Amino acid sequence: MLGLTVRWSLADAPDGVEQRLAAYVAETSHARFTGMSGLRFKTWRQVPGEWFEGCYVFATSAAREEFQRTFTEGAAESPGSQIIGSPPILVEACDVVAIAEGWDGFVAASHF
């Protein structure tokens, strides 16, 4: 499967950035990616004080390449970069080897 990782460092980010990022995901970003053509799914992850990232899995190489190209062109101005105060430190295509759905099933939600 066709993955893409976008990661920002939170090492020099302002206090409270993790809460601001979570609110942005819940209020705006989740809706933007829900139902997006060419995207199988996206997850948002963070380790407070260390990093915040988006992990994407695309349906086709063309969808991933187009998203990576357009994102990279405006990465410094992206909402995540604006909230964090710096551009991503990593934009990397990758292969997702496998996905397993556990007994309790998959839950798509804007926040937990």
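The structure we're discussing is the one just above.
Below is a short write-up of the structure. The residue numbers shown here count from 1 along each chain, following its written sequence. Side-chain atom pairs in this predicted model are given and counted only at pLDDT of 80 or more, local residue features only at pLDDT of at least 70, and totals for whole chains, interfaces and linings cover all residues. Each side-chain value is derived from all of the structure's non-hydrogen atoms; neither hydrogens nor water enter the calculation.

### Describing the overall build of the chain
Comment: elements are numbered from the N terminus, with helices defined as DSSP H or I runs of at least four residues and strands as E runs of at least two. Across its full length, the chain carries three helices and four strands. Start at the N end of the chain and walk to the C end: the helices and strands fall as β-α-β-β-α-α-β. C-alpha atoms define the radius of gyration in this analysis, and the globule rule sets the expected value at 2.2 Å times the number of residues to the power 0.38. For 112 residues, the compact-globule formula gives about 13 Å, and the C-alpha radius of gyration of the chain, at 14 Å, lands near that figure. We call two residues in contact when some of their heavy atoms are within 4.5 Å. Intrachain contacts of the chain at a sequence separation of at least 6 include 69% that bridge at least 24 residues.

### As for the pattern of salt bridges
Salt bridges, as used here, are contacts in which a Lys or Arg side-chain nitrogen is within 4 Å of a carboxyl oxygen on Asp or Glu. Enumeration according to the criterion identifies four salt bridges in this entry. Residue R7 pairs with E53 through a salt bridge whose shortest N-O separation is 2.8 Å. Within this pair, whereas R7 is found in strand 1 (residues 2-9), its partner E53 is found in strand 3 (residues 51-58), the two being separated by 46 residues in sequence. By relative accessible area, R7 is classed as partly exposed at 22%. Any residue under 20% of the maximum accessible area for its type is buried, any over 50% is exposed, and the rest in between are partly exposed; the area is computed with a 1.4 Å probe on protein chains only.

### Brief notes about the side chain of H30
Tracing the backbone shows H30 in helix 1 (residues 17-33). Not counting residues up to four positions away in its chain, the partners in contact with H30 are V25, W44, A109 and S110.

### A closer look at the pairing of strand 2 (residues 39-47)
Note that strand 2 and strand 3 share eight bridges and pair antiparallel. Across the sheet, F41 pairs through a bridge with V57, a residue of strand 3. As consecutive antiparallel partners, strand 2 and strand 3 are separated by three residues, and within that stretch G49 has a phi angle of approximately 80°, a positive value. Paired strands, in this sense, are two strands between which DSSP finds at least two bridges.

### Quick word on the nonpolar core
Within the largest apolar cluster, 21 residues are counted, with the highest numbers of intra-cluster contacts made by Y56, F58 and I84. Broken down by secondary-structure element, the contributors of at least two residues to this core are strand 1, helix 1, strand 3, helix 2 (61-73) and helix 3 (79-84). The element that contributes the greatest number of residues to this core is helix 1, accounting for five residues. Leaving out residues up to four positions away in the same chain, I84 has contacts with W8, S9, L10, A13, P14, V17, L21 and F52. What makes a nonpolar core is a set of buried Ala, Val, Leu, Ile, Met, Phe, Trp, Tyr and Cys residues whose side-chain atoms join them at distances within 4.5 Å.

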